Amino acid sequence: MVSCCPSGIKERRCYMARLPQGVRKRTDGTLEKRFTVDGKRYSIYGVNNKELQQKEKEVRRQIEAGLYTENRNITLNEYFDEWEHNRRRIVKASTEKSTRMRYEKHIQPILGNKRIQKIEKREIIMLQQSLSQTHKSSVVNLIMCNLKSILKGAVEDEIIAKNPAATVKPLRTDGDPKATETIHRALTKEEQEAFLQEGREDWLYEFFCFSLCTGMRILEIGALEWRDIDYINNVIHVNKTLSLTQAHEYTVTSPKSEASKRDIPMNETIKKILMNQKKKMLMVFGGSSVRLESRIFVTSTGKVINAANFLNVMKRILRELDKKDIHIERFSHHAFRDTFATRYIEHGGNMQTLKTILGHSTLAMTADLYAHVLPDTKQKEMNLIEKGFEGVV
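If you're wondering where the values come from, they're calculated on a predicted model, not measured in any experiment.

1. Digging into a negative patch on the surface
Stage number 1. Together, E82, E156, D157 and E158 make up a negatively charged patch on the protein surface.
Stage number 2. Since its relative accessible area comes to 37%, D157 is described here as partly exposed.

Next comes the structure, spelled out in structure tokens:
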């Protein structure tokens, strides 16, 4: 068969002639197609004719739907600011702050300057895979969830017709360390006693004791007021928490979930802690009685007790214990919550009741976190019930 393009020049002309009308080959090897709709010119790019056809079809559909001409040049950074502003009356300040932190740290450097119209699923998958090299799967999934929500907003605002992240599957979390192996560490009885003994003269001593005896979260305790202490019904009403705004100021908000709104029964030890705290507050800040709307636990200067305050005092106490050859690994305030739960189960407490005291949404959540405490408890209970079967053998 005789070639219709025998020379090099003719061969290149022949190849170009085979490209569809309006398509040209770019210097980087990709193809560009230009077409006009209602007097406006549009350009699309792809690696082959099939991809160009698919993209042209999608662009024409968006143009017909009135989506393509509006905000088609907006970048993800520009839209994120708009999306975040519109959510401010919907989400808590703490949620807004953590979402922005994840966006600026993980999403913005890779996709922030891209036009939303140009973001493709493969780029999102590449971002996911890149993050998985340095972060736990659960953390990556949270970042990707934020990105999906942002792009979903762009669909709802008619900037794009389809969310490119919608079908990106979350990573499996099988390989992530269990919570009981990381932040969920309870103090042993010996550690608990040594820490409290060393911290007895510290301003936060009653705060430490209250945390251990109630299992409340640090910002729930920070929001607690004297009017939340119900001596008639013998309970603590947990109906609010503190959130940190982007201006780094604490504000009172509703608890993290409906289950977090709860009443915690008081025992005599808790009442004694509160009585001692009240005496200390009156002695330091003056007055003959505490105001019902005033916070129960604050720093010695009257400010909110936060994680940073706690960690500074905790480290100082552990350093003093080290000097006495008593070594305790550093821990977060959450360890007090876990210590409460552990002591509760060790002394025969019911898991379902513990769930409500801790403010967990499901029993499974409580069981997953504290199942490791149950074996010894089950053995003790089995030994107790043995008396009911005397004479069986």
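2. A few points about the state of the cysteines
Stage number 1. What the rule picks out here adds up to 0 disulfides.
Stage number 2. The cysteine C209 is free of any disulfide, with C213 supplying the nearest cysteine sulfur at 6.4 Å.

3. Remarks on the nonpolar core
Stage number 1. One finds F195, F207, F208, F210, I236 and F331 to be the most contacted residues of the largest nonpolar core, which totals 50 residues.
Stage number 2. What F207 contacts, discounting residues up to four positions off in sequence, is I218, I221, F297, I305, F310 and H333.
Stage number 3. Formed by 24 residues, the second largest nonpolar core is a distinct cluster that contains L76, L131, L151 and A165.

4. Brief notes about empty space enclosed by the protein
Stage number 1. Inspection of every chain in the model, using the stated rule, returns 1 cavity of 30 Å³ or more.
Stage number 2. In this structure, the largest cavity occupies an estimated 40 Å³ of space.
Stage number 3. Lining the largest cavity are W83, E84, R87, R88, V91, E96 and T99.
Stage number 4. Going through the elements one at a time, α3 (76-87) and α4 (93-111) are the ones with two or more residues in the lining of the largest cavity.
Stage number 5. Among the elements that make up the lining of the largest cavity, the one with the highest residue count is α3 (3 residues).
Stage number 6. Looking at side-chain class alone, the lining of the largest cavity contains 2 nonpolar, 1 polar and 4 charged residues.

5. Thoughts on the sheet that holds strand β5 (residues 235-238)
Stage number 1. Overall, antiparallel pairing links the 3 strands, which are arranged β4-β5-β8 in an open sheet. Of all strands in the sheet, those with a lone pairing partner are β4 (229-230) and β8 (262-265), marking the two edges.
Stage number 2. Pairing analysis gives 2 bridges linking β4 to β5, with the strands arranged antiparallel. Following the sheet pairing, D230 is matched in β5 by V235.

6. Observations concerning the pattern of salt bridges
Stage number 1. The final tally for this structure, using the stated rule, is 23 salt bridges.
Stage number 2. E32 is the partner of R24 in a salt bridge, and the nearest nitrogen-oxygen pair spans 2.7 Å.
Stage number 3. Relative accessible area serves as the criterion here: at 37%, R24 is assigned to the partly exposed category.
Stage number 4. E32 sits in the buried class, given a relative accessible area of 3%.
Stage number 5. Salt-bridge contacts for R100 lead to D81; the nearest nitrogen and oxygen are separated by 2.9 Å. Pair noted here: R100 is in helix α4 and D81 is in helix α3, with a separation of 19 residues, a long-range link.

7. A look at the packing of aromatic side chains
To describe a pair of aromatic rings, you give the distance between the ring centres and the angle between the ring planes.
Stage number 1. On inspection of all chains with the given rule, the structure shows 15 aromatic pairs.
Stage number 2. Each ring, one from F208 and one from F336, has its centre 5.9 Å from the other, and the planes form 70 degrees; the classification is edge-to-face. On the criterion of sequence distance, the pair formed by F208 in helix α8 (residues 205-214) and F336 in helix α12 (residues 334-346) is long-range, its members being 128 residues apart. Comparing F208 with F336 shows no difference in burial state: the two are buried.
Stage number 3. Ring geometry for F340 against Y344: centres 5.9 Å apart, planes inclined by 45 degrees, an arrangement best described as tilted. With a gap of 4 residues between them, F340 and Y344 both fall in helix α12, about one helical turn apart.

8. Looking at the packing of α8 against helix α10 (residues 268-285)
Stage number 1. Relative to each other, α8 and α10 sit at 155 degrees, their axes nearing to 10 Å. When the axis of α8 is compared with that of α10, the two are roughly antiparallel. Regarding α8 and α10, the two cross each other, and that crossing is left-handed. Of the residues in α10, those touching α8 at E206, C209, F210, C213 and T214 are T269, I270, I273, L274, N276, Q277 and K280.

9. What to know about α10
Stage number 1. Counted at 1.5 Å a residue, the expected span for α10 with its 18 residues is 26 Å, and the 26 Å between its end C-alpha atoms agrees.
Stage number 2. Taken together, the buried positions of α10 are occupied by I270, I273, L274, Q277, K280 and M281. Down the axis of α10, the sector holding all buried residues measures 125 degrees, keeping them to one side. Within α10, the exposed residues directed more than 90 degrees away from the buried face are E268, K272, K279 and M283.
Stage number 3. Summarising the contacts, the buried residues of α10 are in contact with α8, β4, β5 and β8.
Stage number 4. The backbone nitrogen of T269 has a side-chain oxygen 3.2 Å away, supplied by the residue at the start of α10, namely N267.
Stage number 5. Just downstream of α10 lies G286, where phi reads positive at about 85 degrees.

10. With respect to unusual backbone geometry
Stage number 1. Positive phi, close to 60 degrees, is recorded for N234, a residue that is not glycine.
Stage number 2. The topology assignment puts N234 in the loop between β4 and β5.
Stage number 3. Phi angles above zero are rare outside glycine, and D325 is one such case at about 65 degrees.
Stage number 4. Note that D325 resides in the loop between α11 (307-323) and α12.

11. Observations regarding the side chain of T99
Stage number 1. Mapped onto the fold, T99 is located in helix α4.
Stage number 2. At 2.8 Å, the side chain of T99 and the backbone oxygen of T95 are in polar contact.
Stage number 3. When sequence neighbours within four positions are dropped, the list of residues in contact with T99 reads F80, W83, R87 and N146.

Conventions we followed
Within every chain, residues take consecutive numbers counted from 1 along the sequence as written. Where local features are concerned, this predicted model is filtered to residues with pLDDT of at least 70; where side-chain atom pairs are given and counted, the filter is 80 or more; whole-chain, interface and lining totals use all residues. Note that water and hydrogens are dropped before the side-chain values are worked out from all heavy atoms of the structure. Patch membership requires more than 30% relative accessible area and the absence of a salt bridge. Residues of like charge join within 9 Å; the nonpolar side chains Val, Leu, Ile, Met, Phe, Trp and Tyr join within 5 Å. In this description, accessible areas are obtained by the Shrake-Rupley approach with a 1.4 Å probe, and a residue is regarded as covered only by the protein chains that are shown. Salt bridges are counted wherever a side-chain nitrogen of Lys or Arg sits within 4 Å of a carboxyl oxygen of Asp or Glu. For the purpose of counting charges, residues Lys and Arg are taken to be positive, whereas Asp and Glu are taken to be negative. His and the chain ends are not included. Positions of charges follow a simple convention, taking NZ of Lys, CZ of Arg, CG of Asp or CD of Glu. Each residue gets one of three labels from its accessible area relative to the maximum for its type: buried under 20%, exposed over 50%, partly exposed in between, using a 1.4 Å probe on protein chains only. Throughout, disulfides are identified as pairs of cysteine sulfur atoms within 2.5 Å of each other. What we call a nonpolar core is a set of buried Ala, Val, Leu, Ile, Met, Phe, Trp, Tyr and Cys residues that are connected through their side-chain atoms within 4.5 Å. Here a residue-residue contact requires only that any non-hydrogen atoms of the pair lie within 4.5 Å. Note on definitions: the grid is 1 Å and covers protein atoms alone; a cavity is a set of points where a 1.4 Å probe fits but cannot get out; a pocket is an open set with protein on both sides within 12 Å along at least five of seven lines; lining residues have an atom within 4 Å of a point. Grid points are joined across faces, edges and corners, and a volume is the space filled by probe spheres set on the points. Numbering of helices and strands runs from the N terminus, with a helix taken as a DSSP run of H or I at least four residues long and a strand as a DSSP run of E at least two residues long. Put simply, Ala, Val, Leu, Ile, Met, Phe, Trp, Tyr, Cys and Pro go in the nonpolar bin, Asp, Glu, Lys and Arg in the charged bin, and everything else, Gly too, in the polar bin. Any two strands with at least two DSSP bridges between them are considered paired. Each pair of aromatic rings taken from Phe, Tyr and Trp, with Trp reduced to its six-membered ring, is defined by centres within 6.5 Å and is described as stacked if the planes are under 30 degrees apart, edge-to-face if over 60, and tilted in the remaining cases. Simply put, an axis is a line fit to the C-alpha atoms, just over the touching stretch for a helix, and the angle between two N-to-C directions goes from 0 to 180 degrees. To sort the angles, those under 35 degrees are grouped as roughly parallel, those over 145 as roughly antiparallel, those from 65 to 115 as roughly perpendicular, and the leftovers as oblique. Whether a crossing is left-handed or right-handed is set by the direction in which the near helix is turned from the far one by less than a right angle, anticlockwise for left-handed and clockwise for right-handed. Helices are assigned an expected span. That span is 1.5 Å times one less than the residue count. Directions drawn from the helix axis to the C-beta atoms are what define this arc. The term polar contact refers here to a pair of N or O atoms within 3.5 Å; inside protein, the definition further demands a hydrogen-donor-capable atom paired with an acceptor-capable atom, and it admits residues adjacent in sequence only when both atoms are side-chain atoms.

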